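Below are the chains, spelled out letter by letter.
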Amino acid sequence: MEIKKNIDELAIMGGPSLFPNKLHVGRPNIGDIKTFHGRVDKIFENVWLTNNGPFVRELEDKIAKFLGVKNFISVSNGTLGLEMAARGLNLTGEVIVPSFTFVATPHSLKWMGIKPVFCDIDPNTHNIDPQKVESLITPDTSAILGVHVWGRPCDIEMLERISLENNIKLYFDAAHAFGCSYKDRMLGNYGLAEVFSFHATKFFNTFEGGGIATNDDNLAERFRLMRNFGFAGYDNVIGIGINAKMTEVCAAMGLTGLEGIDGFISVNYQNYKSYMNELQSIDGIKFVEYNEAEKNNYQYVVIEVDASKTGISRDDLIKILHAENVLARRYFYPGCHQMSPYEDVCKFDNSLLQTEIIANRVISLPTGTGITRDEIKKVCSLIKFSIENEVAIRTKLRTSGNQN
Ligand code: T4K
């Protein structure tokens, strides 16, 4: 598929954008709108909008079954879920966490007065490197917070061993990992708790929302109290709490999405395969791949761009894509340790070298039900065209002063 004949036709050079409408990484999957509307009508019939309503309870039951976990506690977003997990687990002092994650992960700690101690990642998995965790443990360490980046599970076995041997807690940010498994068991069953995000940009969404999965009944009870101000009954507050309740309309969206989840995953899988077919043979482009023996949601299509081989840098490629209305993202750039609230936490001593290398290479490409196979082919052709013409593009950008 030939999309541009010469580089002057690129939008970054002043040509028209390839796509009239923007393509997004996090375009929400909507599910069956009629069914959703039916549920919304029911909410108004019930005159019950929030506070542990019938749709919230139904969604929690269905997700607990889906994950095969004893308890699933819905919350109003994943970030509050992570904060509640930190409080519910009585964490103090320091928690070891990867820097290569969305900033909500360390924020959830810092917000609770806990110091995030950033650990480097394994460049092959983009997940926290267990080999490097042990050296970061101090007498102040209360937990390890692993993140299943892109839905690919952390090295859970190794992290469990470290947590046991050092008597520190282990829990997971599973924001990306709904519907994924590790050793044939769904994520949600590992560590003391696992926290999911159902934000609009996730393949399974409740507008805003999330949930905590745990097999520990006492912990689950604590989370249930905590998300509703600590109320154990009318006028009876037995602990510190917050308002992290999911609303009925969000649960209605979740129930509808759950009915379509296999379809969403199958579209994600087809998209991922389409991108791979087009791009995987290019020298300097490496795909984040999924272990097909496990369950995956395939919601992120992520490539690493090695500029020493492609000739074109990741950031120039992003500029070219954005100009053409392809809103690919640099998730997660820069590493959280480079963001201003955390600059004091890390001393730039190469301890996060792999994080920095990967953060400078990654591109998340648009996927989900909002993009067609044809559009994916066009995006890939654009990437190939940019790489094939990298010398001319760089020269032109430099002479037109468009390079920074
Ligand atoms: N831990 C991890 C590892 C996470 O990735 C996240 C969230 C969390 C914890 C926290 O969970 P929550 O508290 O959010 O439940 C987005 C999401 O807001 C965030 O949920 C997600 N991770 C993160 C990876 O991505 P932004 O700031 O990049 O989103 P934004 O507004 O730029 O939107 C992304 C793209 O999606 C845009 O191109 C626009 C498009 N979009 C977005 C929305 C909301 C739509 O087309 N429609 C929409 O309704 O953070």
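Going by the structure above, here's the rest.
Quantities reported herein were computed from a predicted structural model and do not represent experimental measurements.

A. A look at the pattern of salt bridges. All told, the structure shown has 18 salt bridges when counted by the stated rule. Notably, a salt bridge pairs E324 with K4, separated by 3.1 Å at the nearest N-O pair. Residue E324 is found in the loop between α11 (314-323) and β15 (326-327), and its partner K4 is found in the segment before β1 (23-24); the two are separated by 320 residues along the sequence. The pair E324 / K4 is uniform in exposure class, with both members buried. When the shortest N-O distance is used, the salt bridge between E292 and K273 registers 3.2 Å. Of this pair, E292 sits in the loop between β13 (285-287) and β14 (301-305) while K273 sits in helix α9 (residues 261-279), placing them 19 residues apart in sequence. By sharing partners, the salt bridges in this structure join D120, D129 and K132 into a single network.

B. Expanded view of the nonpolar core. Counting residues in hydrophobic clusters, the biggest one holds 97 residues, and the most contacted among them are F178, Y275 and L365. Here this core gathers at least three residues from each of two domains, domain 1 (7-27 + 261-328 + 366-400) and domain 2 (33-259). In this structure Y275 touches Q280, F287, V301, L365, P366, I371, I376, V379 and C380, once residues within four positions along its chain are discounted. A85, V97, A193 and C336 belong to the second largest nonpolar core, which has 30 residues in total.

C. Highlighting the sheet that holds β13. Reading across the sheet, the 3 strands line up as β13-β14-β16 and stay open at both edges, with antiparallel pairing between neighbours. Every other strand in the sheet has two partners, leaving β13 and β16 (362-365) as the edge strands with one partner each. Geometrically, the sheet is characterised by an average inter-axis angle of 30° between neighbouring strands, direction not taken into account. By the bridge criterion, 3 bridges tie β13 to β14 in an arrangement that is antiparallel. The partner of K286 across the bridge, within β14, is E304. Packing of α11 onto the sheet brings it into contact with β14 and β16, and relative to β16 it is tilted by some 25°.

D. Quick look at the packing of helix α1 (residues 33-46) against helix α8 (residues 248-259). Running from N to C, α1 and α8 cross one another at 150°; their axes reach a closest spacing of 9 Å. Put simply, α1 runs roughly antiparallel to α8. Viewed along their axes, α1 and α8 form a crossing whose handedness is right-handed. Note on element contacts: α8 touches α1 through E248, V249, A252, M253, L255, T256 and E259, opposite T35, F36, R39, V40 and I43. A per-class count over the contact of α1 with α8 returns 7 nonpolar, 2 polar and 3 charged.

E. Layout of the environment of D155. Tracing the backbone shows D155 in the loop between β5 (141-147) and α6 (156-166). In this structure, the C-alpha to C-alpha distance between D155 and T125, residues 30 residues apart in sequence, is 9.2 Å. In this view, D155 contacts P130 and Y182; residues no more than four positions away in its chain are not counted. At 3.3 Å, the side chain of D155 and the backbone nitrogen of M158 are in polar contact.

F. Representation of the layout of surface pockets within the structure. In this structure, the largest pocket occupies an estimated 440 Å³ of space. Around the largest pocket sit 24 residues that line it, and F102, S197, H199, T201 and K202 are the ones nearest its centre. When contributions to the lining of the largest pocket are tallied by element, the ones reaching two or more residues are α3 (78-88), α4 (104-110) and β9 (194-197). For the lining of the largest pocket, a count of residues per class yields 11 nonpolar, 10 polar and 3 charged.

G. The site of the ligand, seen in detail. Looking at the ligand, there are 24 residues lining it, with H24, R27, T79, D173 and Y331 nearest. Measuring from an oxygen atom of the ligand, one finds a backbone N or O atom of G78 at 2.9 Å. H199 is positioned with one of its side-chain polar atoms (N or O) 3.3 Å from an oxygen atom of the ligand. Here the ligand has 940 Å² of accessible area as a free molecule, and 77% of this is covered by the chains. In this structure the site holding the ligand corresponds to the largest pocket. Looking at the shell around the ligand, the elements with two or more residues in it are α3 and α4. Counting residues per element, the shell around the ligand draws most heavily on α3, which supplies 3 residues. A class-by-class count of the residues in the shell around the ligand yields 8 nonpolar, 12 polar and 4 charged.

Cut-offs used in this document
Residues numbered from 1 in each chain as written. Predicted model: local features only at pLDDT ≥ 70, side-chain atom pairs only at ≥ 80, totals over all residues. Heavy atoms only, no water. Salt bridge = Lys/Arg side-chain N within 4 Å of Asp/Glu carboxyl O. Helix = DSSP H or I, 4+ residues; strand = E, 2+ residues; numbered from the N terminus. Buried < 20%, exposed > 50% of the residue type's maximum accessible area, 1.4 Å probe, protein only. Core = buried A, V, L, I, M, F, W, Y, C linked by side-chain atoms within 4.5 Å. Domains from an automatic or database assignment. Contact = heavy atoms within 4.5 Å. Pairing = 2+ DSSP bridges. Axes fitted to C-alpha atoms, helices over the stretch in contact; angles between N-to-C directions. Parallel < 35°, antiparallel > 145°, perpendicular 65-115°, else oblique. Left-handed = near helix turned anticlockwise from the far one by under 90°. Nonpolar A, V, L, I, M, F, W, Y, C, P; charged D, E, K, R; others polar. Polar contact = N/O pair within 3.5 Å; in protein donor to acceptor, adjacent residues only side chain to side chain. 1 Å grid on protein atoms, 1.4 Å probe; cavity = no way out; pocket = protein on both sides within 12 Å on 5 of 7 lines; lining within 4 Å. Points joined across faces, edges and corners; volume = space filled by probe spheres on them. Near = heavy atom within 4 Å. Areas by Shrake-Rupley, 256 points an atom, 1.4 Å probe, with all protein chains shown as cover. Sits in = over half its atoms within 2 Å of the grid points.

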